[in-house]
Amino acid sequence: MKKLILFTIAIILACSISASAQEKGVQQKNNQSDLYNDFFASYGVGSIFYFVNQYSDYSYTTTGSFLLGYSRSINKVISVGFQVSYGKVEKTSIAGNSGSVNKYGDNYWQGMAGVKFRYLNKPMFCMYSGVAIGVTMDYWSETSVSYTKTGQKLLPAAQLTLLGFRVGRALGFFGEFGIGTNSIINAGISYKFGE
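Residues numbered from 1 in each chain as written. Predicted model: local features only at pLDDT ≥ 70, side-chain atom pairs only at ≥ 80, totals over all residues. Heavy atoms only, no water.

### Re empty space enclosed by the protein
Counted under the stated rule, the structure contains 2 cavities of 30 Å³ or more. Estimates place the volume of the largest cavity at around 260 Å³. Lining the largest cavity we find 27 residues, and of these Gln83, Lys116, Ala132, Thr161 and Glu176 sit closest to its centre. Of all the secondary-structure elements, those providing two or more residues to the lining of the largest cavity are strand 2 (58-73), strand 3 (78-95), strand 4 (100-121), strand 5 (125-143), strand 6 (148-168) and strand 7 (171-180). A breakdown of the residues in the lining of the largest cavity according to their chemical character gives 13 nonpolar, 12 polar and 2 charged. (1 Å grid on protein atoms, 1.4 Å probe; cavity = no way out; pocket = protein on both sides within 12 Å on 5 of 7 lines; lining within 4 Å. Points joined across faces, edges and corners; volume = space filled by probe spheres on them. Helix = DSSP H or I, 4+ residues; strand = E, 2+ residues; numbered from the N terminus. Nonpolar A, V, L, I, M, F, W, Y, C, P; charged D, E, K, R; others polar.)

What follows is the structure, given as structure tokens:
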């Protein structure tokens with residue numbers, strides 16, 4: 001009987017040492033769905049500010065939108081966060097027979113709070129939709145040969161993400177399609193951490 005007990009104890013110890021060695025030797029990769037903090041940076045094109053109030057006698061240029069943000073998952077489906085962005089829109093007109101050039105520039109700085117809803121959440125891939133609202137500070141300027149005016153005005157900001165996806169575990173790539181003051185198409189990188 002003593003031999004059976006000693007043999008059983010020896011087997012249990014051997015199994016526990018083997019399991020401990022395997023845990024130390026093999027590092028398990030984190031799933032993106034288990035990492036709750038997300039820092040992201042992206043670039044987007046097609047802001048509503050670019051398309052609003054367009055006239056045929058002006059030529060328009062834009063830098064697109066540069067965006068930085070953070071979100072925190074509340075659970076496997078919902079995450080909340082904030083984002084800041086910058087975009088510039090310029091329009092140029094040539095006034096009548098005189099040929100004088102008038103330039104108008106708008107520098108849009110935006111801050112928004114938002115929520116995302118993930119409806120597909122796999123270890124290396126997720127799909128989501130979202131909405132964000134906030135404010136825009138427009139630093140505008142108007143320049144002609146005879147004068148220069150500058151000013152600022154406060155505008156509403158909103159972004160509706162109809163379809164978004166993220167590929168990767170901790171470090172990933174994401175793309176979004178939607179409509180709003182940031183962009184219609186948006187793509188960037190994301191880093192997730194913290195279980």
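That covers the picture; the talk isn't over yet.
### Some remarks on the environment of Ser129
Summarising the element assignment, Ser129 is placed in strand 5. Between the alpha carbons of Ser129 and Thr161 there is a distance of 5.3 Å; along the sequence they are 32 residues apart. Within the structure, the side chain of Ser129 is placed 2.9 Å from the backbone oxygen of Leu162, a separation counted as a polar contact. (Polar contact = N/O pair within 3.5 Å; in protein donor to acceptor, adjacent residues only side chain to side chain.)

### Observations concerning the environment of Gly44
Looking at the secondary structure, you find Gly44 in strand 1 (residues 37-45). Overall, Gly44 belongs to the buried group, its relative accessible area being 2%. Placed 133 residues apart in sequence, Gly44 and Phe177 show a C-alpha to C-alpha distance of 9.6 Å. In this structure, Gly44 is in contact with Gly64, Ser65, Ser183, Ile185 and Asn186, ignoring residues within four places of it in sequence. (Buried < 20%, exposed > 50% of the residue type's maximum accessible area, 1.4 Å probe, protein only. Contact = heavy atoms within 4.5 Å.)

### Describing the packing of aromatic side chains
Counted according to the given criterion, the structure contains 13 aromatic pairs. Judged by centre distance (6.0 Å) and plane angle (55°), the rings of Phe165 and Phe173 are tilted. Between Tyr191 and Phe193, the ring centres sit 6.0 Å apart and the planes meet at 20°, which makes this aromatic pair stacked. In this structure an aromatic cluster arises from ring pairing among Phe39, Tyr70, Phe82, Tyr191 and Phe193. The ring of Tyr104 has Lys91 lying over it, and the distance from NZ or CZ to the ring centre is 5.3 Å. Above the ring of Phe40, the side-chain terminus of Lys116 is found at 4.6 Å from the ring centroid. (Phe/Tyr/Trp six-rings, centres within 6.5 Å; stacked < 30°, edge-to-face > 60°. Lys NZ or Arg CZ within 6 Å of the ring centre and 35° of its normal.)

### Considering the layout of surface pockets
Here the largest pocket defines a volume of roughly 370 Å³. Forming the walls of the largest pocket are 19 residues, and the residues nearest its centre are Asn53, Lys91, Asp106, Tyr108 and Lys153. Residue assignment for the lining of the largest pocket shows that the elements contributing at least two residues are helix 2 (48-51), strand 3, strand 4, strand 5 and strand 6. Residues belonging to the lining of the largest pocket are distributed by class as follows: 10 nonpolar, 3 polar and 6 charged.

### Considering the pattern of salt bridges
Note that side chains of opposite charge can pair when their charged atoms are close. Tallied over the entire structure, the rule returns 2 salt bridges. In this structure, Asp34 and Lys76 form a salt bridge, with 2.5 Å as the shortest nitrogen-oxygen distance. Here Asp34, found in the loop between helix 1 (2-25) and strand 1, pairs with Lys76, found in the loop between strand 2 and strand 3; they are 42 residues apart in sequence, far enough to count as distant. By relative accessible area, Asp34 is classed as partly exposed at 28%. A residue is classified by how much of its surface remains accessible, and Lys76, at 39% relative accessible area, is partly exposed. With a closest N to O distance of 3.3 Å, Lys88 and Glu90 form a salt bridge. (Salt bridge = Lys/Arg side-chain N within 4 Å of Asp/Glu carboxyl O.)

### Re the nonpolar core
Membership of the largest hydrophobic core is limited to 5 residues, which are Phe40, Leu67, Cys126, Tyr128 and Phe174. The residues touching Phe174, leaving out its near neighbours within four places in the chain, are Phe40, Ala41, Ser42, Tyr128, Phe165, Arg166, Asn186, Ala187, Gly188, Ile189 and Ser190. (Core = buried A, V, L, I, M, F, W, Y, C linked by side-chain atoms within 4.5 Å.)

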